Protein chains: 2
Amino acid sequence: MNALIERIRLEASHLGRGIVKLDSLINHQLDPQLTLEMGRAFKERLEAAGVSGVTRVLTVEVSGIAAALTTALAFGVPMVYARKTRPITMSADPYTAGAVSRTKGGEVVLSVSRDFLGSSDKVVIIDDFLASGRTLLAMVDIVRQSGATLLGVGGIVEKIYDGGRALLEPLGVPVVSLACIESADESGIVVSGGR
Amino acid sequence: MNALIERIRLEASHLGRGIVKLDSLINHQLDPQLTLEMGRAFKERLEAAGVSGVTRVLTVEVSGIAAALTTALAFGVPMVYARKTRPITMSADPYTAGAVSRTKGGEVVLSVSRDFLGSSDKVVIIDDFLASGRTLLAMVDIVRQSGATLLGVGGIVEKIYDGGRALLEPLGVPVVSLACIESADESGIVVSGGR
């Protein structure tokens, strides 16, 4: 995704300790056309890696929602987002898994209603960042609880130095990213193509 | 939006005290194609009411994001979502306004970075529910702080019995909804067309 890589080069800034500010296009302001193209790119990349028969795209609120929506649109299937706070409208006894909030700190419990994920589903998980991989692993845990089949995992931006890919590759499904940040420090941010 | 009205009739349930569960298509699972059509419908309805020159679509995390994204896609402009927890990646000194969380309870402070909303902007605010109108008014307050011009307000589902429209109409801009819930009680849910 050259358009995405170009935007990251222009707009990302390093806040220290490897934290990259990308809120002009991922987690505060969004470019809807670019987000639509991200969804198409995820479908293309996942299918090229052998994924087929997807029935659900799963993500976590908040920043995964936009790209998961456009990915689900590309696949022509429903999208489900895990909640970090359980709304009073959620059905009883959801699937749950613990995760650590990256930018807010603290533990959160992800919840997905049994109404929207079941054993006949074939699932792709999409999130904004592929960083430590721990939030994505929590989503994988929810997919396992539901009895659904995990087909693939995608992150818009992979932070290579956080090492999440090593945690996800043992799952044996394609793990794709649309752009990579190789390093982020005082000398700048090094961006490369997705993997 | 007949497709939306039909889905609400089939899928909404009343949880008591006027609270309507619609998590199969608005705040937990989403139908991407229907969400795309909501965006087109918001544009069409707002333009029919005289709105033109939109430069930004504004919403609040979480459940407003999907429809605001597709509305921004229809208008061909960026979308910005107010944060309820300020991430460490947000620039200092954002615009802020207090709001009450409808389904989670408690006060929240909405924050929008000054980087993404300014005095030259012409803004449409989109949210999932037009209920009491208080969250939408908090967003209007943020638009005012930025010096931007408010052009219109849209809610996917208007809960007539919560009376939010009366709070918003004095703003003097079009207020549109794509479907209305006239009443929700033990006897059932009465759905009608948007306003």
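Residues numbered from 1 in each chain as written. Chains lettered and ligands numbered in written order. Predicted model: local features only at pLDDT ≥ 70, side-chain atom pairs only at ≥ 80, totals over all residues. Heavy atoms only, no water.

Caption draft 1: Looking closely at the sheet that holds strand E4 (residues 56-60) of chain B. The strand order across the open sheet formed by seven strands is E3(A)-E5(B)-E4(B)-E8(B)-E9(B)-E10(B)-E11(B), and the pairing between neighbours is mixed. The sheet is open, and its two borders are formed by strand E3 (29-30) of chain A together with strand E11 (188-193) of chain B, each paired with just one other strand. Note: strand E8 (residues 122-130) of chain B against strand E9 (residues 149-159) of chain B, eight bridges, orientation parallel. Its bridge partner lying in E9(B), B:Leu130 is registered against B:Glu158. Packed on one face of the sheet, helix H2 (residues 32-48) of chain B meets E8, E9 and strand E10 (175-185) of chain B and runs near 115° to E10(B). (Pairing = 2+ DSSP bridges. Helix = DSSP H or I, 4+ residues; strand = E, 2+ residues; numbered from the N terminus. Contact = heavy atoms within 4.5 Å. Axes fitted to C-alpha atoms, helices over the stretch in contact; angles between N-to-C directions.)

Caption draft 2: Highlighting the interface of chain A and chain B. Listed by partner, the interface residues are 45 residues for chain A and 45 residues for chain B. Carbon and sulfur atoms make up 65% of the surface buried where chain A meets chain B, a total of about 3,700 Å² over both sides. The largest contributions to the chain A side of the interface with chain B come from A:His28, A:Leu69 and A:Thr89, which together make up 19% of the buried area. On the surface where chain A and chain B come into contact, there are two salt bridges. Across the contact surface, chain A and chain B share 18 residue pairs in polar contact (both at pLDDT 80 or more). Counting only elements with at least two residues in the side of chain A that touches chain B, the list comes to strand E2 (20-21), E3, helix H2 (32-48), helix H3 (65-75), strand E5 (79-82) and strand E7 (107-112) of chain A. In terms of residue count, the dominant contributor to the side of chain A that touches chain B is H3(A) (six residues). The residue inventory of the side of chain A that touches chain B, partitioned by class, reads 24 nonpolar, 14 polar and seven charged. Of the strand pairs in this sheet, E5(A) and strand E3 (residues 29-30) of chain B are connected by two bridges, and their pairing is antiparallel. Bridge assignment links A:Met79 to a residue of E3(B), and that residue is B:Leu30. (Buried area = accessible area lost by both parts, 1.4 Å probe. Salt bridge = Lys/Arg side-chain N within 4 Å of Asp/Glu carboxyl O. Polar contact = N/O pair within 3.5 Å; in protein donor to acceptor, adjacent residues only side chain to side chain. Nonpolar A, V, L, I, M, F, W, Y, C, P; charged D, E, K, R; others polar.)

Caption draft 3: Spatial organisation of the pairing of E9(B). All names here are of chain B. Across the eleven residues that make up E9, a large majority, ten, are buried. Chirality of the crossover, the property in question, places the unit of E8, helix H4 (residues 134-146) and E9 among those that are right-handed. Of the strand pairs in this sheet, E9 and E10 are connected by six bridges, and their pairing is parallel. Residue pairing in the sheet places Glu158 in a bridge with Cys180 of E10. (Buried < 20%, exposed > 50% of the residue type's maximum accessible area, 1.4 Å probe, protein only. Right-handed = clockwise from strand over helix to strand, strands pointing away.)

Caption draft 4: Geometry of the relation of the copies chain A and chain B. Here chain A sits on chain B after a turn of 180° about the axis and a move of 0.0 Å along it, with an RMSD of 0.0 Å. Taken together, the rotation angle and the small translation identify this as a two-fold axis. A share of 100% of interface residues in chain A that are also interface residues in chain B marks the association as one of identical surfaces. (Least-squares fit on C-alpha atoms with pLDDT ≥ 70 in both.)

Caption draft 5: Layout of the environment of B:Glu6. Residue and element names in this part refer to chain B. With respect to the helices and strands, the residue Glu6 is situated in helix H1 (residues 2-11). We classify Glu6 as partly exposed; its relative accessible area is 42%. On a C-alpha basis, the gap between Glu6 and Ile156 in space is 14 Å, while along the polypeptide they are 150 residues apart.

Caption draft 6: Quick look at the sheet that holds E5(A). Across the sheet, seven strands lie side by side as E11(A)-E10(A)-E9(A)-E8(A)-E4(A)-E5(A)-E3(B); this open sheet has mixed pairing. Only two strands of the sheet have a single neighbouring strand rather than two, namely strand E11 (188-193) of chain A together with E3 of chain B. Packing against the sheet, H2(A) makes contact with strand E8 (122-130), strand E9 (149-159) and strand E10 (175-185) of chain A, and its axis sits at approximately 115° to E10(A).

Caption draft 7: Spotlight on the pattern of salt bridges. A complete count under the given rule lists 24 salt bridges over all chains for this structure. The residue B:Lys43 makes a salt bridge to B:Glu47 at a minimum N-O spacing of 3.4 Å. Placement of the pair is B:Lys43 and B:Glu47 together in helix H2, with a separation of four residues, close to one helical turn. For B:Lys43, a relative accessible area of 24% gives the class partly exposed. A cluster of three or more residues bridged by salt bridges with shared partners is formed by A:Arg7, A:Glu11 and A:Asp31.

Caption draft 8: Seen up close, the confidence of the model for chain A. Per-residue pLDDT for chain A has a mean of 96; in total, 98% of the residues score no lower than 70. With pTM at 0.97, the complex prediction returns an ipTM value of 0.96. (pLDDT = per-residue confidence, 0-100.)

Caption draft 9: Region of the structure containing the packing of aromatic side chains. Throughout the structure, instances matching the rule amount to zero aromatic pairs over all chains. The cationic tip of A:Lys159 hangs over the ring face of A:Phe129; the distance from NZ or CZ to the ring centre is 5.7 Å. (Phe/Tyr/Trp six-rings, centres within 6.5 Å; stacked < 30°, edge-to-face > 60°. Lys NZ or Arg CZ within 6 Å of the ring centre and 35° of its normal.)

Caption draft 10: Geometry of H2(B). All names here are of chain B. The end-to-end C-alpha distance of H2, which contains 17 residues, comes to 24 Å, matching closely the 24 Å that a straight helix rising 1.5 Å per residue would cover. Burial in H2 covers these residues: Pro32, Leu34, Thr35, Leu36, Met38, Gly39, Ala41, Phe42 and Leu46. Two to three positions downstream of the cap, the backbone nitrogen of Gln33 sits 3.1 Å from a side-chain oxygen, assigning the N-cap of H2 to Asp31. Gly50 sits one or two positions beyond H2 and adopts a positive phi of about 105°. (Expected span 1.5 Å × (residues − 1).)

Caption draft 11: Representation of the packing of H3(A) against helix H3 (residues 65-75) of chain B within the structure. With their axes 9 Å apart at the nearest point, H3(A) and H3(B) run at an angle of 70° to one another. In terms of their interaxial angle, H3(A) and H3(B) are classed as roughly perpendicular. The handedness of the crossing between H3(A) and H3(B) comes out as right-handed. Contacts between H3(A) and H3(B) involve A:Ile65, A:Ala66, A:Leu69 and A:Thr70 from the first element and B:Ile65, B:Ala66, B:Leu69 and B:Thr70 from the second. Its residues assigned to classes, the contact of H3(A) with H3(B) shows six nonpolar, two polar and no charged. (Parallel < 35°, antiparallel > 145°, perpendicular 65-115°, else oblique. Left-handed = near helix turned anticlockwise from the far one by under 90°.)

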